[in-house]
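Chain and residue survey
Take a look at the letters that make up each chain.
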Amino acid sequence: MEIGKIRSFLLQRGMAAFYAVFVAGYFLLPMASGHRRLYYVLVFPAVLLLWRELRDFYRGNPIAKWLLVYIFYMTASALWSEAFDFTQAGWTAWYSINLLSFCFVSGFLWWHSPAVMGNLTRAAVWLAAASALISLLAWYWQNPFPTSRLEPLGVMHHPNKAACAYGVFLVLATYFGLNSQARKTRIVWAAVTGVLLCLVLLTQSRTALAAVGAALVVLLGYRALIILLIGGGASFALLASSPQTWQHRVANFSFRPGIWEQVIKDMPGHWIAGHGYLLDPHVAAYERVFNHAHNGYLATLRDGGLIGLALLLALLLLCARQAWSMAYRNGERIYLALLLYGMTCITMDFDRLIVHPKELWLFFWLPIALLMAATAARDTTLSAVGTTRSARK
């Protein structure tokens, strides 16, 4: 009986509240380790209690099936890693289970409680903008403006990763502004978008800027070119304002082709099944050692071979098909924009996709989760984000 009451509480508002606390933790908590524990202690147990609802909702879902197959295969690839270790394999399995729980509950909540999740989405955008503004003021109070590379507050300390996470909310803010009728509301959303764009620019993350550009082209069409020109010009000006910064950033970016080339050169003998998920991700190139492959697709190829890469591309193709259908059948372009955003981010940076709670969950796995739920609920109104159409002011 007590379990039944808890499940009822979770379905009514509790699960959405726990989920909101976890998302807010990206900006409010100082340490990533504390944020991970928040998910493990608060969200994951609640998801387990709702396993029947999640099972019934996603039964027969093609995207869910491909997601399960992809994650199961990549997790199993740890078994043929040369440096196999039971402890590391166990951690990989743990990350996989938590990632699946996040994907399944995310889409389910957007379908089950669209109004609540719509309000929470707007609140999250406002929280991201407030965090961005405080980060800008706090960082440049003590560091040179604009040449120093912004490191935002919260659990997202690395500029590239932080910019990619904040960029998701920039895309959402743009969408909300486009779907607002009142002039004052549009101005407010434009200001929010501007603050988030400043953060992305001042992190000097070309990965996030390229991903934002791709998403805005979907939302705005040719009008996005104006924003891209402004953003590109501002980014160039920031780099050009300091010769040392210019040389350092250009040199670092030019390393990527060599890193990618080396990953491919290391593939002979492992093309089909890959090296396994426990391979040391470091890459030796240009007489240096880099932390990882700087490309999620190549990292998947490295660990899971052509089989793993094919599974990932099949998953993304199904998602793209659903997003395209929603964009041109229902006019809901936000799903396609978010999917393209995440796909662009992992093209220019990042490595393994099956990880513990990190920024990658927000900008890559969340769009997939929403599209997975959209496929499961084709004949219903899924979109918490899309409810803005009926809530225009």
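In short, a report on the structure.

Definitions and cut-offs
Residues numbered from 1 in each chain as written. Predicted model: local features only at pLDDT ≥ 70, side-chain atom pairs only at ≥ 80, totals over all residues. Heavy atoms only, no water. Helix = DSSP H or I, 4+ residues; strand = E, 2+ residues; numbered from the N terminus. Buried < 20%, exposed > 50% of the residue type's maximum accessible area, 1.4 Å probe, protein only. Contact = heavy atoms within 4.5 Å. Areas by Shrake-Rupley, 256 points an atom, 1.4 Å probe, with all protein chains shown as cover. Polar contact = N/O pair within 3.5 Å; in protein donor to acceptor, adjacent residues only side chain to side chain. Axes fitted to C-alpha atoms, helices over the stretch in contact; angles between N-to-C directions. Parallel < 35°, antiparallel > 145°, perpendicular 65-115°, else oblique. Left-handed = near helix turned anticlockwise from the far one by under 90°. Core = buried A, V, L, I, M, F, W, Y, C linked by side-chain atoms within 4.5 Å. Patch = residues over 30% accessible without salt bridge, like charges linked within 9 Å, V, L, I, M, F, W, Y side chains within 5 Å. Salt bridge = Lys/Arg side-chain N within 4 Å of Asp/Glu carboxyl O.

**Let's talk about the overall build of the protein**
Looking only at helices and strands, the protein has 14 helices and two strands in total. Counting across all 393 residues of the protein, residues that qualify as buried make up 54%. For the protein, the share of sequence-separated contacts (at least 6 apart) that also reach a separation of at least 24 residues comes to 79%. If you sum the accessible surface of the protein, you get close to 17,700 Å²; carbon and sulfur atoms cover 67% of it.

**Focus: the side chain of Ser180**
With respect to the helices and strands, Ser180 occurs in the loop between α7 (159-178) and α8 (183-202). Within the local environment of Ser180, its side chain forms a polar contact with the backbone oxygen of Phe176, the two atoms lying 2.7 Å apart. Every residue in contact with Ser180, bar those within four places of it in the chain, is listed here: Thr185, Arg186 and Trp189.

**Let's talk about the packing of α7 against helix α14 (residues 359-376)**
Where α7 meets α14, the closest approach of the two axes is 8 Å, and the angle between their N-to-C directions is 50°. As summarised for this structure, α7 and α14 are arranged oblique, according to the angle between their axes. Both α7 and α14 take part in a crossing whose hand is left-handed. Across the interface between the two elements, Lys161, Cys164, Ala165, Val168 and Phe169 from α7 touch Glu359, Leu362 and Phe363 from α14.

**Focus: the nonpolar core**
Grouped together as the largest cluster of nonpolar side chains are 129 residues, with contacts concentrated most on Leu196, Tyr341, Phe364 and Trp365. Broken down by element, the residue count for this core peaks at 14 residues, all from α14. Among residues more than four places away in sequence, those in contact with Trp365 are Leu67, Tyr70, Leu99, Cys103, Leu315, Leu353 and Leu360.

**Some thoughts on the environment of Met74**
With respect to the helices, strands and loops of the structure, Met74 is situated in helix α4 (residues 62-76). Looking at Met74, the relative accessible area reads 1%, which means it is buried. For the pair Met74 and Asp303, spaced 229 residues apart in the sequence, the C-alpha separation amounts to 7.4 Å. Residues in contact with Met74, not counting those within four places in the same chain, are Tyr277, Thr300, Asp303, Gly304, Gly308 and Ile354.

**Considering a nonpolar patch on the surface**
Among the surface-exposed residues, Ile264, Trp271, Ile272, Leu306 and Ile307 lie close enough to one another that they form a single nonpolar patch of about 440 Å² accessible area. By the element assignment, Ile264 lies in helix α11 (residues 243-265). Residue classification places Ile264 among the partly exposed positions, given a relative accessible area of 38%.

**Brief notes about the environment of Leu318**
Inspection of the secondary structure puts Leu318 in helix α12 (residues 296-329). As for Leu318 and Ile63, which are separated by 255 residues in sequence, their C-alpha atoms are 6.4 Å apart. Setting aside its immediate chain neighbours within four residues, Leu318 contacts Pro62, Ile63 and Trp66.

**Thoughts on the pattern of salt bridges**
Scanning the entire structure with this criterion turns up eight salt bridges. The residue Asp349 makes a salt bridge to Arg256 at a minimum N-O spacing of 3.8 Å. Within this pair, whereas Asp349 is found in the loop between α13 (334-348) and α14, its partner Arg256 is found in helix α11, the two being separated by 93 residues in sequence. In this structure Arg256 comes out as buried when scored by relative accessible area, which is 8%. Note that Asp351 is salt-bridged to Arg302, the shortest N-O span being 2.8 Å. With Asp351 in the loop between α13 and α14 and Arg302 in helix α12, this pair connects stretches of sequence that are 49 residues apart. When sorted by exposure, Asp351 lands in the same class as Arg302, which is buried.

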